[in-house]
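Here is how the chains run, residue by residue.
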Amino acid sequence: MSLTKSERAVIMSIWDKMSTQADAIGTETLERLFSSYLQTKTYFPHFDLHPGSPQLREHGSKVVAALGDAVKNINNVEVALTRLSELHAYILRVDPVNFKLLSHCLLVTLAAHFPADFTAEVHAAWDKFMSLVSSILTEKYR
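Residues numbered from 1 in each chain as written. Predicted model: local features only at pLDDT ≥ 70, side-chain atom pairs only at ≥ 80, totals over all residues. Heavy atoms only, no water.

1. Some remarks on the pattern of salt bridges
Evaluation of the coordinates by the stated rule reveals 4 salt bridges. Taking the shortest distance from any N to any O, the salt bridge between glutamate 28 and arginine 32 comes out at 2.6 Å. Of this pair, glutamate 28 and arginine 32 both sit in helix α2 (residues 22-36), 4 residues apart, which is roughly one turn of the helix. For arginine 32, a relative accessible area of 25% translates into the label partly exposed. The salt bridge involving lysine 62 is made with glutamate 58; its shortest N-O contact spans 3.9 Å. Here glutamate 58 and lysine 62 lie together in helix α3 (residues 54-72), a separation of 4 residues that amounts to about one turn. (Salt bridge = Lys/Arg side-chain N within 4 Å of Asp/Glu carboxyl O. Helix = DSSP H or I, 4+ residues; strand = E, 2+ residues; numbered from the N terminus. Buried < 20%, exposed > 50% of the residue type's maximum accessible area, 1.4 Å probe, protein only.)

2. Some thoughts on the environment of aspartate 117
As for its position among the elements, aspartate 117 is in the loop between α5 (97-113) and α6 (120-138). A C-alpha to C-alpha distance of 9.7 Å links aspartate 117 and lysine 17, two positions 100 residues apart in sequence. The contacts of aspartate 117, once residues within four sequence positions are left out, are Ile14, Lys17 and Val122. For aspartate 117, the side chain forms a polar contact with the side chain of lysine 17, separated by 3.0 Å. (Contact = heavy atoms within 4.5 Å. Polar contact = N/O pair within 3.5 Å; in protein donor to acceptor, adjacent residues only side chain to side chain.)

3. Topic: the packing of aromatic side chains
Counted according to the given criterion, the structure contains 3 aromatic pairs. For the ring pair phenylalanine 34 and phenylalanine 44, a centre distance of 5.2 Å and an interplane angle of 65° mean the geometry is edge-to-face. Note that phenylalanine 34 is positioned in helix α2 and phenylalanine 44 in the loop between α2 and α3, a separation of 10 residues in sequence. Among the aromatic side chains, those forming a connected cluster through ring pairs are Phe34, Phe44 and Phe47. (Phe/Tyr/Trp six-rings, centres within 6.5 Å; stacked < 30°, edge-to-face > 60°.)

4. Regarding α5
Given a rise of 1.5 Å per residue, 17 residues ought to cover 24 Å, and the 25 Å separating the end C-alpha atoms of α5 matches this to within 8%. Of all the residues in α5, the buried ones are Asn98, Phe99, Leu101, Leu102, Ser103, Cys105, Leu106, Leu107, Thr109 and Leu110. (Expected span 1.5 Å × (residues − 1).)

5. Concerning a nonpolar patch on the surface
Where nonpolar side chains cluster on the molecular surface, the patch consists of Leu87, Ile91 and Leu92 and spans about 270 Å² of accessible area. Among the structural elements, leucine 87 can be located in helix α4 (residues 77-91). Taking relative accessible area as the criterion, leucine 87 reaches 32% and is therefore assigned partly exposed. (Patch = residues over 30% accessible without salt bridge, like charges linked within 9 Å, V, L, I, M, F, W, Y side chains within 5 Å. Areas by Shrake-Rupley, 256 points an atom, 1.4 Å probe, with all protein chains shown as cover.)

As far as function goes, none of this settles anything; it's purely spatial.
Following this line, the structure appears as structure tokens:
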């Protein structure tokens, strides 16, 4: 799956806005994930999963930073996410479906933070980008 030039531009445009609120967006995305898909909590038994907890904020920042690496390397997302793919597949053994759930929660969070900017075109581009990210993160499972 490849992104068109216009999709890449749309993704980078939203990333520019998103990066200034990265911690809040990452934390809110995880809060949505854990409250909507309770089974995802099983991977974090050592975390305080209460809204706004320091551990949730820290991990949310890591998630958004990884997405930032993918955006910065948008022409070669695979290279940017290889280490993360190996970590989640071989060490953490995260169920691959969780990446799709996280993607959905991120899209909802972006729509909530940027309602005027999150048009159908933006939604479609980010959905495609997150599908690419999810595919790369699950590629080591195959």
